[in-house]
Amino acid sequence: MQFVLVLIGALCVISASATQRQFVALGAGVGHAIWKNGSIPYWVDVTKSENQVKVSETLAKAAAHVHARTCVHFYEVAEPTNTAFVTVKDTKEGSCSAGYSYSYSGGVLTGAGILNYDGCGHQYLTVVHEMMHILGIGHEQKRIDSYDRLQLNASNVEPAFVGQYTPTFEYAHGEYDWFSLMHYRNTYFGNGNGITFNAARTTFDVKCGQMSDGDIATVNFVSQECWKEPMVPRCRVSAPSG
């Protein structure tokens, strides 16, 4: 059996079943992960020569931020490897997004990742966000339990991005996290008509300019092969009734 999927930008959240985690979370909790032991090589293949040094510096800073807080280690390689790796490119103009493709055949999971860097603005926390996408982690505001926390102002959102505010994920790790690097702010992809959503709270900026405790717990959860502490099971969340 073979299963191939390419996900860009907002990636699927992890399902509760081990089998689906295997597909959606790059092998979380299974023996044949794409990147075993949380080690993820990336190759910088940018076309704009003036960006090369700055791109590598920003990626290294993002990787260090993740590694200092989790068991996951992104590291740069000088050329493509024989094993699975992430390619960093700047050919998709204005795009800051990430995803991966993979296949599952004969009990073996293989794949590769892509990080489109051109629109990332050399902002290392933005790159951390994209690295979390590569790990299979989706946007926080797409959790199904955001229905009772956010009121979408769809008329203030660029039409192509309304789906990024539409709750779809039934499973989540931990409590709803306003401070997550994976949570959109209420100005993202707005069309200039006002804030994109109203919320029960008025502030939800990235806390202290770093991964939140929820981000750290989620990254370690999806990287169970390298994280040795007991895992807290993912819990199903639900939209309010009525």
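To start, this report covers the structure provided alongside it. Keep in mind it's a predicted model, so treat the numbers as computed, not measured.

### A closer look at the environment of Leu-152
Here comes step 1: Looking at the element boundaries, Leu-152 is found in strand β7 (residues 150-152).
Here comes step 2: Considered as a pair, Leu-152 and Asn-186 are 34 residues apart in the sequence and their alpha carbons are 9.4 Å apart.
Here comes step 3: Those residues in contact with Leu-152, other than ones at most four positions away along the chain, are Val-157, Val-162, Tyr-165, Thr-196 and Phe-197.

### Considering the nonpolar core
Here comes step 1: Leu-59, Phe-74, Leu-115, Val-127, Met-131, Leu-135 and Met-211 are the most contacted members of the largest nonpolar core, which has 31 residues in total.
Here comes step 2: Within the residue set of this core, elements represented by two or more residues are β2 (39-45), α2 (52-69), β4 (86-89), α3 (124-134) and α4 (213-222).
Here comes step 3: Once residues lying within four places of it in the same chain are set aside, the contact partners of Met-131 are Leu-59, Ala-62, Ala-63, Val-66 and Phe-74.
Here comes step 4: Counting residues in each nonpolar core, the second largest holds seven residues, with Leu-150, Val-157, Trp-178 and Tyr-184 among its members.

### A look at unusual backbone geometry
Glycine aside, the phi torsion of most residues is negative, and most peptide linkages are trans.
Here comes step 1: Backbone geometry at His-122 places phi at a positive 55°, although glycine is not the residue there.
Here comes step 2: Secondary-structure assignment places His-122 in the loop between β6 (108-116) and α3.
Here comes step 3: For His-122, a relative accessible area of 28% gives the class partly exposed.

### Brief notes about the pattern of salt bridges
Here comes step 1: Taken as a whole and assessed by the stated rule, the structure comprises five salt bridges.
Here comes step 2: Across the pair Asp-118 and Lys-48 runs a salt bridge whose closest N-O atoms are separated by 2.6 Å. Remark: Lys-48 occurs in the loop between β2 and α2 and Asp-118 occurs in the loop between β6 and α3; sequence separation between them is 70 residues.
Here comes step 3: On the basis of relative accessible area, Lys-48 is assigned to the partly exposed category, the value being 30%.
Here comes step 4: Where Arg-143 meets Glu-140, a salt bridge forms, and the shortest distance between an N and an O atom there is 3.1 Å. Grouping residues by exposure puts Arg-143 and Glu-140 together as buried.

### A short note on the packing of aromatic side chains
Here comes step 1: In total, this model carries seven aromatic pairs according to the counting rule given.
Here comes step 2: In textbook terms, an aromatic cluster arises when at least three aromatic residues are bridged by ring pairs, as seen for Phe-161, Tyr-165, Tyr-184, Tyr-188, Phe-189 and Phe-197.

### Side note on the pairing of β2
Here comes step 1: Bridge count between β2 and strand β3 (residues 73-77): five bridges; the pairing is parallel. Within the sheet, the bridge partner assigned to Tyr-42 lies in β3 and is Glu-76.
Here comes step 2: Taken together, the four bridges between β2 and β4 define a ladder with parallel strand orientation. Pairing of Val-44 across the sheet is with Val-88, part of β4.

Cut-offs applied
Residues numbered from 1 in each chain as written. Predicted model: local features only at pLDDT ≥ 70, side-chain atom pairs only at ≥ 80, totals over all residues. Heavy atoms only, no water. Helix = DSSP H or I, 4+ residues; strand = E, 2+ residues; numbered from the N terminus. Contact = heavy atoms within 4.5 Å. Core = buried A, V, L, I, M, F, W, Y, C linked by side-chain atoms within 4.5 Å. Buried < 20%, exposed > 50% of the residue type's maximum accessible area, 1.4 Å probe, protein only. Salt bridge = Lys/Arg side-chain N within 4 Å of Asp/Glu carboxyl O. Phe/Tyr/Trp six-rings, centres within 6.5 Å; stacked < 30°, edge-to-face > 60°. Pairing = 2+ DSSP bridges.

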